[in-house]
Amino acid sequence: GAVLTSDNGYTKIVRIIPGGPAAKDGKLKADDRIIAVTQEEGDPVDIVDMSVTNVVKLIRGKKGTKVTLTVLPGAKGHGAIPTNITIVRDKVKLKNAEASGSVRKIKDKDGKVLKIGIINLSRFYMDFDAAIRGEKDFKSSSRDVANILTKFEKEGVDGVVMDLRSNGGG
C-alpha cells in the first residue's frame, strides 16, 4: 500500500498508494521513515540498514492479519519520536490508480480554443494472471490508455498530454 525507498539506512515512504490498506488507515504519510516491523504475534524487527526488498517481505502478509510499523514521522524531522502504526493487511485495490483521462479547453496564444486530452498514468500495471488464462479483456495500463485515446479521438481533441509525474516507472 506504499511506495518505499532507501534513504540513509532508513526505509522511507515515498507515497501512499490510493485504495490500499495504508491509504484507508490514513496514519502513514509520505516521508515517514520505518525503523521496525512487528508481526501480529511477534517481536519488533529492527529494519534500519535492511534492503527495501527484505522490508517489503516483512510487511506483506495474509489478508486480515495485522502488521505494526514503527515509524519516525517525516513531518517532525530528524528529532521525531517513534510512533507505532498498526495496519490490517488487505489486498491492494488499485482501481484508484488506473489510467484516467479528461479533456480541458485552453486558449492558444492567438485566442483559439483548443481541446486538450490529458491522460494521467500514475503507474504501469497488468493483470498477468488473467492474461495467462487467456482472458481477452485483461486489465493493463496500455489497454486503458488505448481506450482513452480512442475516446479522445471521438471527442475531436486537438492534442494529448501524458501526465507521468506520479509514475515511479516500471
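About the cut-offs
- Residues numbered from 1 in each chain as written.
- Predicted model: local features only at pLDDT ≥ 70, side-chain atom pairs only at ≥ 80, totals over all residues.
- Heavy atoms only, no water.
- Helix = DSSP H or I, 4+ residues; strand = E, 2+ residues; numbered from the N terminus.
- Expected span 1.5 Å × (residues − 1).
- Contact = heavy atoms within 4.5 Å.
- Phe/Tyr/Trp six-rings, centres within 6.5 Å; stacked < 30°, edge-to-face > 60°.
- Lys NZ or Arg CZ within 6 Å of the ring centre and 35° of its normal.
- Salt bridge = Lys/Arg side-chain N within 4 Å of Asp/Glu carboxyl O.
- Buried < 20%, exposed > 50% of the residue type's maximum accessible area, 1.4 Å probe, protein only.
- Pairing = 2+ DSSP bridges.
- Axes fitted to C-alpha atoms, helices over the stretch in contact; angles between N-to-C directions.

Right, let's talk about helix 4 (residues 141–155) for a bit. Under the 1.5 Å per step criterion, the end-to-end length of helix 4 is 21 Å for 15 residues, consistent within 8% with the ideal 21 Å. Buried residues in helix 4 make contact with strand 7 (100–107), strand 8 (113–120) and strand 9 (159–163). Note on helix 4: the residue one or two positions beyond its end, G156, has a positive phi of about 70°.

Overall, the coordinates contain 0 aromatic pairs when judged by the stated rule. We note R33 situated over the ring of Y10; from NZ or CZ to the ring centre the distance is 5.0 Å. Of note, R143 hangs over the ring of F138, and the distance from its end group to the ring centre comes to 3.9 Å.

What follows is about the pattern of salt bridges. Applying the stated criterion to the full structure yields 8 salt bridges. Between R133 and E135 there is a salt bridge; the shortest N-O distance is 2.8 Å. Of the residues examined, R133 reaches a relative accessible area of 56% and is grouped as exposed. Taking the shortest distance from any N to any O, the salt bridge between D163 and R165 comes out at 2.6 Å. Three or more residues are tied together by salt bridges with common partners; here these are D7, K12 and D31.

Strand order in this open sheet of 3 strands is 7-8-9, and the pairing throughout is mixed. Of all strands in the sheet, those with a lone pairing partner are strand 7 and strand 9, marking the two edges. In this sheet, adjacent strand axes meet at a mean angle of 30° when their direction is disregarded. In this sheet, strand 9 lies alongside strand 8 in parallel orientation, the contact comprising 5 bridges. Residue pairing for strand 9: I119 is matched across the bridge by M162. Against the sheet, helix 4 makes contact with strand 7, strand 8 and strand 9, and its axis sits at roughly 170° relative to strand 8, the strand it touches most.

A separate point is unusual backbone geometry. Of note, N8 is a non-glycine position whose phi angle comes to about 50°, a positive value. Secondary-structure assignment places N8 in the loop between strand 1 (2–7) and strand 2 (10–16). The class for N8 is exposed, based on a relative accessible area of 75%. One non-glycine residue, D49, lies in the positive phi region at around 70°. Along the chain, D49 falls in the loop between strand 4 (45–46) and helix 2 (52–59).

Quick look at the pairing of strand 1 now. On a regular strand, one side chain projects to one face of the sheet and the next to the other, so that they alternate. In this sheet, strand 2 lies alongside strand 1 in antiparallel orientation, the contact comprising 6 bridges. Considered in strand 2, the bridge of V3 is made with R15. In textbook terms, the turn of a hairpin is the stretch between consecutive antiparallel strands, and for strand 1 and strand 2 this stretch comprises 2 residues, one of which, N8, has a positive phi near 50°.

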